[in-house]
Amino acid sequence: MTKSNSSETSQTSQATATPPRLLDGIRSPADIKTLREQDLPQLAQEVRDELIKVLSQTGGHLGPNLGVVELTIALHRVFDTPRDRFVMDVSHQGYVHKIFTGRLDRFHTMRQFGGLNGFLLRTESEHDCYGAGHAGTALSAGLGMAVGRDLRGGDENIVVVAGDAAFTCGISYEALNNVKAHTKRFIVVLNDNEWSIAKNVGAIASYLNSIVDQSRLLLTCTKRRAISCRRLPENRWRTSRIKSRRA
Ligand SMILES: Cc1ncc(C[n+]2csc(CCOP(=O)(O)OP(=O)(O)O)c2C)c(N)n1
C-alpha cells in the first residue's frame, strides 16, 4: 500500500468510526449528574437502543422500560442512590436503573442463567433497596421505609415509582390511606402510561386519564393566557366554592 493510500484509508475509517456513546461513560449515577442538560436526549436515545438491542435477544420487559427512560434519568439527576431509595412497583421497569448503576456490562445477561435478574434485587446491587415481582407492593414498602427513617431521624428520600395499574391494587390504597398519619416526607411518582399488561381499564384508569387531561388543559391555559381557565368545570367548582366561602 502506498503512503497516500494508507492515509486515505485512515481518513475514511475516521469518518465512518462510530462516536463513543455517552452511555459507556455512565459507571454510576454520579456520572449522569455531570452530563450537560442538552446531552440528555442523546443519552435517552442510547438507552432505548441498548434496551431494544439486548431485549430482542433475551426477552424481557421492553415496553415498561422504554416508558421510564427519561424518568429514570431525571430521578438519578435529582436523587442519590443508594443513600436515597427508589422503590419501583413490580420492579420490572428497573432495567434502566440497572444500566445506570454499574450493570451495563452485564446487561446482555439479562434473565439468563447466572445473569442479571429481570427485577430489582437487593443481592445484585446496593442501589436496589427492594426487590418485588408482585404488583401493588411499592407504596406499602416505601411507607415502611419512610416510617423507619423518621424513627431513626434519617433524612434520605424515599421515592416510590408506581404505574397506573399498580394504583388499582388494594394494598396501594392501604398505604395511601396511611401516609398522612405516619410521615411528612414521602415521594410518589405516578407513572401513568395508560397501560397495564394490556390497555388499562376500569374506573381508576378513567379517573387518572381525566385528571391528566385536565392538568394538560390547565397547562395550556397557563401558557396561553388568552384562554380563560374558568372554562374548566373543576375550576368553576373551585371558584364557586371560594366565592361562597367569602360571602
Ligand atoms: C399481584 C400481581 N398481579 C399481576 C402481576 C402481573 N403484572 C406484571 S406487570 C403488571 C402491570 C403493571 O402495569 P403498571 O403498574 O401500569 O406499570 P407499567 O408496566 O405500565 O410501567 C402486571 C399486572 C404481578 N406482577 N403481580
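Residues numbered from 1 in each chain as written. Predicted model: local features only at pLDDT ≥ 70, side-chain atom pairs only at ≥ 80, totals over all residues.

> Hey, could you run me through the overall build of the protein in this one?
Scanning the protein for helices and strands turns up 10 helices and 3 strands. Helices (α) and strands (β) of the protein occur, in sequence order from the N terminus, as α-α-α-α-α-β-α-α-β-α-β-α-α. By residue count, 27% of the 247 residues in the protein fall in the buried class. Within the protein, counting contacts between residues at least 6 apart in sequence, those at least 24 apart form 70% of the total. (Helix = DSSP H or I, 4+ residues; strand = E, 2+ residues; numbered from the N terminus. Buried ≥ 20, exposed ≤ 12 C-beta atoms within 10 Å, placed from the backbone. Contact = placed C-beta atoms within 7 Å.)

> Any chance you could explain the sheet that holds strand E3 (residues 187-191) here in plain terms?
The strand order E1-E2-E3 describes an open sheet built from 3 strands, whose pairing is parallel. A strand with exactly one partner marks an edge of an open sheet, and here the two such strands are strand E1 (85-88) and E3. Strand-to-strand twist across the sheet, computed as the mean angle between neighbouring axes with direction ignored, equals 20°. Of the strand pairs in this sheet, strand E2 (residues 158-163) and E3 are connected by 5 bridges, and their pairing is parallel. From the neighbouring strand, Val-159 faces E3, where its bridge partner is Ile-187. Each of E1, E2 and E3 is contacted by helix H7 (residues 138-152), which is oriented at about 170° to E2, the strand it contacts most. (Pairing = 2+ DSSP bridges. Axes fitted to C-alpha atoms, helices over the stretch in contact; angles between N-to-C directions.)

> Please clarify how the site of the ligand should be interpreted in this entry.
Every one of the 18 residues lining the ligand counts as a neighbour, but Pro-64, Ala-135, Gly-163, Ala-165 and Ala-166 are closest to it. In terms of residue class, the shell around the ligand is made up of 7 nonpolar, 9 polar and 2 charged. (Near = placed C-beta within 6 Å. Nonpolar A, V, L, I, M, F, W, Y, C, P; charged D, E, K, R; others polar.)

> Hey, could you run me through the environment of Arg-77 in this one?
Here Arg-77 lies in helix H5 (residues 69-78). Residue Arg-77 is classed as partly exposed on the basis of its 13 C-beta neighbours within 10 Å. With residues up to four places along the chain from it excluded, the contact list for Arg-77 reads Ile-32 and Lys-33.

> How do you make sense of the nonpolar core when you look at a structure like this?
Proteins that are soluble and globular tend to have nonpolar side chains buried together. In terms of nonpolar packing, the biggest core is built from 28 residues, with Val-87, Ala-138, Ile-158, Val-159, Val-160, Ala-162 and Ala-166 touching the most fellow members. Sorting the residues of this core by element identifies E1, H7 and E2 as the ones contributing at least two each. In terms of nonpolar packing, the next biggest core, distinct from the first, is built from 14 residues, Val-47, Val-68, Val-96 and Phe-100 among them. (Core = buried A, V, L, I, M, F, W, Y, C linked by C-beta atoms within 7 Å.)

> I would appreciate a short explanation of the pairing of E2 in the present structure.
Consecutive side chains along a regular strand alternate between the two faces of the sheet. Of all the 6 residues making up E2, 6 are buried; the element is thus mostly covered by neighbouring parts of the structure. Of the two faces of E2, both are covered, the one formed by Ile-158, Val-160 and Ala-162 as well as the one formed by Val-159, Val-161 and Gly-163. Pairing geometry for E1 and E2, over 4 bridges, is parallel. Within the sheet, the bridge partner assigned to Phe-86 lies in E2 and is Val-159.

> In this structure, what is going on with the packing of helix H3 (residues 40-58) against H5? I would like to understand it.
Between two packed helices, what matters for the description is the angle formed by their axes and the separation of those axes. In the contact formed by H3 and H5, the axes pass within 9 Å of each other and the chain directions differ by 125°. In this view, H3 runs oblique relative to H5, as classed from their interaxial angle. When the axes of H3 and H5 are compared, the crossing they make is right-handed. Touching Leu-40, Leu-43, Ala-44, Val-47 and Arg-48 of H3 are Val-69, Glu-70 and Ile-73, all from H5. Of the residues that constitute the contact of H3 with H5, the class distribution is 6 nonpolar, no polar and 2 charged. (Parallel < 35°, antiparallel > 145°, perpendicular 65-115°, else oblique. Left-handed = near helix turned anticlockwise from the far one by under 90°.)

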